Amino acid sequence: MKFRYTLLLIFCCGLLINCTDEKNTDFQISGDQVGRLSKQSLARDIELIFEKDSVVQDTVKLNFGNGASKIKIYEKGGALLLTLTPNNDSIATIQNVLVNDERFVTDKGISKISTFKEIRENYPIKKIISAINNVVVLLKDSDLYFTIDKKELPESLRYNANSTIEEVQIPDTAKVKYMMVGWD
């Protein structure tokens, strides 16, 4: 009889642990969130938001009173997770997030190590902007965007910054150079 109660107690404890186990969202990109950072997060609160990590700010910029131009978030082990750019408002929020760590992933499985084919198959593309050395891929209804190095493109498209590049001209195997989130 004691064996049954012990077994029942173990089962109930296991069930209780599974019910209270929350999904870890530290590396999830969704809507207005990048991990623990939200679109409404204030730049002055970054050290509180990332209290378990190392926050490094541009001290030269801080000493002149203009605010930090870049804030880098490092994991305690030393890996660079995110590079944040605050806006210049009186109450500064984060304007731009550069995703440096490949563990950050969208709800559709896209990360920094994804290919153009994976992006195209999971998100509708709004616009492709050609720059000197890169191509920027903007998504519809999303603050997420990607930069692809022109070295990933066919040679005929690499050297003309003014050329219009269409979605079909980018090879499926083109790798993402930068994964970014831009908040207004």
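Residues numbered from 1 in each chain as written. Predicted model: local features only at pLDDT ≥ 70, side-chain atom pairs only at ≥ 80, totals over all residues. Heavy atoms only, no water.

Draft legend 1. Here's a closer look at the overall build of the protein chain. If you tally the helices and strands in the protein chain, you get five helices and twelve strands. For the protein chain, buried positions account for 36% of its 184 residues. For the protein chain, the proportion of contacts with a sequence separation of at least 24, taken over those separated by at least 6, is 42%. (Helix = DSSP H or I, 4+ residues; strand = E, 2+ residues; numbered from the N terminus. Buried < 20%, exposed > 50% of the residue type's maximum accessible area, 1.4 Å probe, protein only. Contact = heavy atoms within 4.5 Å.)

Draft legend 2. Fine view of the side chain of Ser130. Structurally, Ser130 can be placed in strand S9 (residues 125–130). Of the polar contacts made by the side chain of Ser130, one reaches the side chain of Lys150; its length is 3.0 Å. (Polar contact = N/O pair within 3.5 Å; in protein donor to acceptor, adjacent residues only side chain to side chain.)

Draft legend 3. Unusual backbone geometry, seen in detail. Phi angles above zero are rare outside glycine, and Asp141 is one such case at about 55°. Given a relative accessible area of 86%, Asp141 falls into the exposed group.

Draft legend 4. Structural view of the nonpolar core. One finds Ile46 and Leu82 to be the most contacted residues of the largest nonpolar core, which totals 39 residues. Contacts of Ile46, omitting those with residues within four sequence positions, involve Leu37, Val55, Ile71, Ile73, Leu84 and Ile94. (Core = buried A, V, L, I, M, F, W, Y, C linked by side-chain atoms within 4.5 Å.)

Draft legend 5. How the structure looks around the sheet that holds strand S1 (residues 28–30). One open sheet accounts for four strands, arranged S3-S2-S1-S8; its pairing is mixed. Looking along the sheet, the strands with just one partner apiece sit at the ends: strand S3 (37–38) and strand S8 (105–106). Pairing of strand S2 (residues 33–34) with S3, which is carried by two bridges, proceeds in the antiparallel orientation. Residue pairing across strands places Val34 opposite Leu37, the latter belonging to S3. (Pairing = 2+ DSSP bridges.)

Draft legend 6. Quick look at the confidence of the model for the protein chain. For the protein chain, per-residue confidence averages 84 on the pLDDT scale, and 82% of positions sit at 70 or higher. Under a pLDDT of 50 for its full length, residues 15–22 has, in the predicted model, zero contacts with residues more than four places off or in other chains. (pLDDT = per-residue confidence, 0-100.)

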